[in-house]
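Chain by chain, the residues:
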Amino acid sequence: MPEYEFVDVYVPRGTSRKETTRLLTDHAEYGHWELDRLTLRRDGSRRVRLKRRIIRQLRATW
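Keep in mind it's a predicted model, so treat the numbers as computed, not measured.

Moving on: the sheet that holds strand β3 (residues 46-54). Spatially, 3 strands are ordered β1-β3-β2 in an open sheet, and the strand pairing comes out antiparallel. Bordering the open sheet on either side are β1 (3-11) and β2 (34-40), each of which pairs with just one other strand. When the angles between neighbouring strand axes are averaged without regard to direction, this sheet yields 20°. In the sheet, β1 pairs with β3 via 9 bridges, with the strands oriented antiparallel. Bridge pairing in β3 places Tyr4 opposite Arg53. Strands in contact with helix α1 (residues 17-31) are β1 and β3; relative to β3, the strand with the most contacts, it is inclined by about 10°.

Turning to the pairing of β3, a few remarks are in order. By the bridge criterion, 6 bridges tie β2 to β3 in an arrangement that is antiparallel. Among the inter-strand pairings, Glu34 is bridged to a residue of β3, identified as Lys51. Remark: 5 residues form the turn of the hairpin made by β2 and β3, two consecutive strands paired antiparallel; Gly44 in that turn has positive phi of roughly 100°.

Cut-offs applied
Residues numbered from 1 in each chain as written. Predicted model: local features only at pLDDT ≥ 70, side-chain atom pairs only at ≥ 80, totals over all residues. Heavy atoms only, no water. Pairing = 2+ DSSP bridges. Helix = DSSP H or I, 4+ residues; strand = E, 2+ residues; numbered from the N terminus. Axes fitted to C-alpha atoms, helices over the stretch in contact; angles between N-to-C directions. Contact = heavy atoms within 4.5 Å.

Next up, the structure:
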């Protein structure tokens, strides 16, 4: 079963959709993050939860 690590990104109110898209695209391209959940709050801010898979290497036995 795959394991994931998560990070929460807070996008304040007043940030344009274009800026938010660029921010999330940068996270996806350079950090290998993918979108898990996006919450739009009443005040206009967004809370974005990103996830990426944890790859564990197994020890080689000789």
